[in-house]
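Structural characterization, general
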Amino acid sequence: MTVALGTVFTLFVGRLVQLQFLDASALADEAAVNRYVTIALPAQRGTITDAAGNPLATTVDAYDVTADPYLFTPGQSHIEDAPAKAAQLLAPILGVDAATLQRKLTYTGKGDRYQLLAKQQSPQTWNQIKALQSQFAAKAWGTSCAGEVALATKQGDSGRVSEACANPLNGVFRSEHSKRVYPDGGLAASVLGFVNAEGDGAGGLEQQYDELLRGTDGKLTYAQSGGREVPTAGGQRQTDPVPGSSLRLTLNRDIQWEAQQVLADEVKAAGALRGYVIVQDVHTGRILAMATAPGFDPNDLAHANPATLPNTALTDVYEPGSVSKLMTMAAVLEQNVATPLTHVTVPGTLPRAATVFHDDVAHGTEHLTLNGVLAQSSNIGTILAAEHLGSTQAEANKVLYGYLTKFGIGQPTGLGFPGETPGLLPPPQKWDSAQQYTIPFGQGLSVNALQTTSVYSTIANGGVRVAPTLVEGTTGPDGRYTPSPAPAQTRVVSLRTAQTLAQMLQSVVASQEGTGTKAQIPGYLVAGKTGTANRYDEGTKGYHSYTSSFIGFAPADRPAVTVSCVLQKPVNGHFGGQLCGPVFKQVMEFALKTLGVAPTGAAPANLPVNW
């Protein structure tokens, strides 16, 4: 009995020595195949909607198809050429060539236990792979194959399974990885932005609010063997993901669509480099539409032109030209320097500081009212008016600069949009001999399209500037809606000055001597201004083309909406009234009808243009 017990004990000790020392590395490898694994449970990205709750960016279920190359080795798969067989099966399903898949599935022994075969595949794609796996599994557990598989497993590396009984997809897995989808394609794409291949916001609002939208990932830990979960190995440990918050924008989907269509047509017809249209509620500062052309489809970034990805309405910096004259006139009226009826004698040329200034269309001496200077967009008349803002030119420059900054020129709009430019407005002491005369009529300073739109909304709102807003509020993962903070408001000019400017802007559109007659809308009073600015070309380092624009609001006597149109580098014409006037008319008509803004029935102010 002692000998027998000693023998048994010796065998146990020997086995322990074998397990602990001799076979330790082999058992460690075995344990590497049968181990607990932790996978991420991605949080669902928040939705982005328009003001009415229509989805503009949403998330759908998708899967990353992955594989463990070690499970395709002969010792684990019991198949001589498992990577090749699996690649042939997966290639038509994933749309990836078989050679690439075979390379990813081949184990090199360098710790490459994870390979991404295809990203963001639809549930239908994964179901096809799952169906194949189930077919092979059914064969392996069938009567004819069970013994063959058991023998191969016992033989380890030397074991082989016939092709009829093998399961070449045993090492293929899925990882939940939701896919970002934009239901309306390119609608508001420059505002929404896009997400990159890793699911991170990489442009527009997707980038700006990425942390808020993405949520917090969860995780799932479970035991697996040979690529399959072991349900009896202690259960799952799961931390649920927290979904991201959703954004409700101020955009109106219908007005955004109309603005994009009309703008795209005009950019094409004018042969322009690009263009932008912005629609803004004059009282709340909410942006109802922000369109750029040419655009892109965020669902198909692979075929998008990189030049179309930024929101150029905010990232482009350009000299505004005559639309900027409104701010000069505001300063002149607010400082009580002149009235709309003040007589201004406008010569054909005006020499100042070694430069001779001209109007866009050559003329002899004209006798205009201050209202006529704005209606006919006279550069010379604007210079003459601005000179009276101070007893010296330096003082006049300082006064004008103060009004420009109060209108928001040279400063961020407050949106915080990625890549937004604050424009360029040097302090008055740095204005050179030419700038002190060109800045009053919109050359020598630079803006983005939203800044100039906000200027006209300020006048339409009785002289109070309301900071533009693009996000109306957020809805958290708990379903609670939180409105955005109220935008800042600043009194820029008096109500009286604003109302006077609105009447003067009517002359630009309503008077046959004005430059904006193509912006007239039957039944509505329109206040607006044309702009035709020389465009600086970074490539040639000179002024060789134009920026054409029209900005206005309606109804002029009871303003509701501001619409701006800007075209860069058009080749089929260049006057702002001719190119952007019709765009303004179409977009404004649509916006007024969509918002239910009725005509007021008032008659135009009919201020005199000449004296």
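Relevant structure appears above.
Structural notes, computed from the coordinates. Numbering of residues begins from 1 in every chain and follows the order in which that chain's sequence is written. Under the rules for a predicted model, residues below a pLDDT of 70 receive no local features and side-chain atom pairs below 80 are neither given nor counted, while totals for whole chains, interfaces and linings still include all residues. Side-chain measures here rest on the full set of heavy atoms in the structure, leaving out hydrogens and waters.

**Describing the overall build of the protein chain**
Runs of E in the DSSP output that reach at least two residues are strands. Runs of H or I that reach at least four are helices, and both are numbered from the N terminus. Across its full length, the protein chain holds 20 helices and 26 strands. Residue burial in the protein chain is summarised as follows: out of 611 residues, 49% are buried. We call two residues contacting when some pair of their heavy atoms lies within 4.5 Å. The contacts in the protein chain between residues at least 6 apart in sequence include a share of 73% that link residues at least 24 apart. Computed with a 1.4 Å probe, the accessible areas rest on the Shrake-Rupley method; for each residue, only the protein chains presented here act as cover. Carbon and sulfur atoms make up 54% of the accessible area of the protein chain, which amounts to about 27,400 Å² in all. Each residue's exposure class comes from its accessible area (1.4 Å probe, protein chains only) as a fraction of the maximum for that residue type: buried when under 20%, exposed when over 50%, partly exposed otherwise.

**Some points on the sheet that holds strand β14 (residues 274-281)**
Note on pairing: two strands pair once DSSP finds at least 2 bridges between them. Ordered in space as β15-β14-β26-β25-β24, the five strands form an open sheet in which the pairing is antiparallel. Taken across any chain shown, the strands that pair with only one partner, and hence form the sheet edges, are β15 (287-293) and β24 (527-537). Direction aside, the axes of adjacent strands within the sheet are offset by 10° on average. Where β14 lies against strand β26 (residues 561-568), eight bridges are found, and the strand directions are antiparallel. Paired with R274 across the bridge in β26 is Q568. Sitting on the sheet, helix α11 (residues 253-270) touches β14, β15 and β26, and the angle it makes with β15 is about 30°. Helix-sheet contacts for helix α18 (residues 449-460) involve β14, β15, β24, β25 (542-554) and β26, and the interaxial angle to β14 is about 30°. Simply put, an axis is a line fit to the C-alpha atoms, just over the touching stretch for a helix, and the angle between two N-to-C directions goes from 0 to 180 degrees.

**Side note on the sheet that holds strand β4 (residues 63-67)**
What the three strands build is an open sheet, ordered β5-β4-β6; its pairing is antiparallel. The open sheet has two edge strands, β5 (115-121) and β6 (172-176), and neither has a second partner. Strand after strand, the sheet turns through a mean of 25° between neighbouring axes, direction not considered. In this sheet, β6 lies alongside β4 in antiparallel orientation, the contact comprising five bridges. In the sheet register, T66 faces β6, and the bridge partner there is F173. In the packing of helix α4 (residues 82-94) onto the sheet, contacts are made with β4, β5 and β6, and the angle to β5 comes to roughly 25°.

**Side note on the packing of aromatic side chains**
A pair of aromatic rings is counted whenever rings of Phe, Tyr or Trp (Trp by its six-membered ring) have centres within 6.5 Å, and the orientation is called stacked for planes under 30 degrees apart, edge-to-face for over 60 and tilted otherwise. Per the stated rule, a full pass over the model turns up eight aromatic pairs. Plain terms: the ring middles of Y70 and Y107 are 5.2 Å apart, the flat faces sit at 65° to each other, and that makes the pair edge-to-face. Here Y107 lies in the loop between α5 (98-105) and β5 and Y70 lies in the loop between β4 and α3 (74-77), a separation of 37 residues in the sequence. Taking the relative accessible area as the measure of exposure, Y107 reaches 28% and is therefore partly exposed. Taken together, the ring pairs connect F357, Y437 and F441 into an aromatic cluster. Here, a charge over a ring means that NZ of Lys or CZ of Arg falls within 6 Å of the ring centre while also lying within 35 degrees of the ring normal. The ring of Y481 carries R248 above its face, with NZ or CZ at 4.5 Å from the centroid. In this arrangement the basic side chain of K406 is found over the ring face of Y403, its NZ or CZ atom lying 4.8 Å from the centre.

**Some words on the packing of α11 against helix α20 (residues 576-595)**
Direction vectors running N to C along α11 and α20 enclose 165°, while the axes themselves pass 10 Å from each other. Between α11 and α20, the crossing angle belongs to the class labelled roughly antiparallel. Both α11 and α20 take part in a crossing whose hand is right-handed. Residues D254, I255, E258, A259, V262, E266 and A270 of α11 pack against L579, V583, Q586, V587, F590, A591, T594 and L595 of α20. Class assignment for the residues of the contact of α11 with α20 results in 10 nonpolar, two polar and three charged. Oblique is the label for any angle not under 35 degrees, not over 145, and not in the 65 to 115 range, which are roughly parallel, roughly antiparallel and roughly perpendicular in turn. Note: crossing handedness is left-handed where the near helix turns anticlockwise from the far helix by less than a right angle, and right-handed where it turns clockwise. Any residue outside Ala, Val, Leu, Ile, Met, Phe, Trp, Tyr, Cys, Pro, Asp, Glu, Lys and Arg is labelled polar, Gly included; the first ten of those are nonpolar and the last four are charged.

**Overview of the pairing of strand β16 (residues 343-346)**
Alternating positions in β16 separate cleanly, V344 and V346 being buried on one face and H343 and T345 remaining unburied on the opposite face. Alignment of β16 against strand β19 (residues 366-369), held across four bridges, turns out to be antiparallel. The partner of T345 across the bridge, within β19, is H367.

**Some remarks on the state of the cysteines**
Criterion for a disulfide: a pair of cysteine sulfur atoms at a distance within 2.5 Å. As enumerated under the stated definition, the model contains one disulfide in all. Each disulfide pairs two cysteine sulfurs, and for C565 the partner residue is C580, the sulfurs being separated by 2.3 Å. Its S-S torsion of about -60° marks the bond between C565 and C580 as left-handed, since a negative value means left-handed. Placement of C565 in strand β26 and of C580 in helix α20 is noted, with a sequence separation of 15 residues between them.

**Concerning the side chain of R465**
Within the secondary structure, R465 is located in strand β20 (residues 464-466). A positive count includes Lys and Arg, and a negative count includes Asp and Glu. His and the chain ends are not counted in either. Definition used for salt bridges: Asp or Glu carboxyl oxygen within 4 Å of a side-chain nitrogen of Lys or Arg. Buried R465, no salt bridge; nearest opposite-charge side chain is E420, N-O distance 7.8 Å. At a separation of 3.3 Å, a polar atom in the side chain of R465 contacts the main-chain carbonyl oxygen of F407. Identification of polar contacts relies on pairs of N or O atoms within 3.5 Å, with a donor-acceptor requirement for protein atoms, meaning one able to donate a hydrogen and the other able to accept it, and with residues adjacent in sequence counted only if both atoms are side-chain atoms. At 3.3 Å, the side chain of R465 and the side chain of S454 are in polar contact.

**Re α5**
Along α5, the positions that sit buried rather than exposed are A98, T100, L101 and L105. An end-on view of α5 places all buried positions within 160° of arc, on one side of the element. In α5, the exposed residues that point more than 90 degrees away from the buried face are A99 and R103. Where α5 is buried, its residues touch β4, α4 and β5. This arc corresponds to the set of directions leading from the helix axis out to the C-beta atoms.

**Some points on the environment of Y63**
Looking at the secondary structure, you find Y63 in strand β4. Judged by its relative accessible area of 13%, Y63 falls in the buried class. Each C-alpha atom of the pair Y63 and W126 lies 7.3 Å from the other, and the pair is 63 residues apart in sequence. Once residues lying within four places of it in the same chain are set aside, the contact partners of Y63 are A118, K119, Q120, Q121, S122, P123, W126, R174, S175, E176 and H177. Polar contacts involving the side chain of Y63 include one to the side chain of R174, which spans 3.4 Å.

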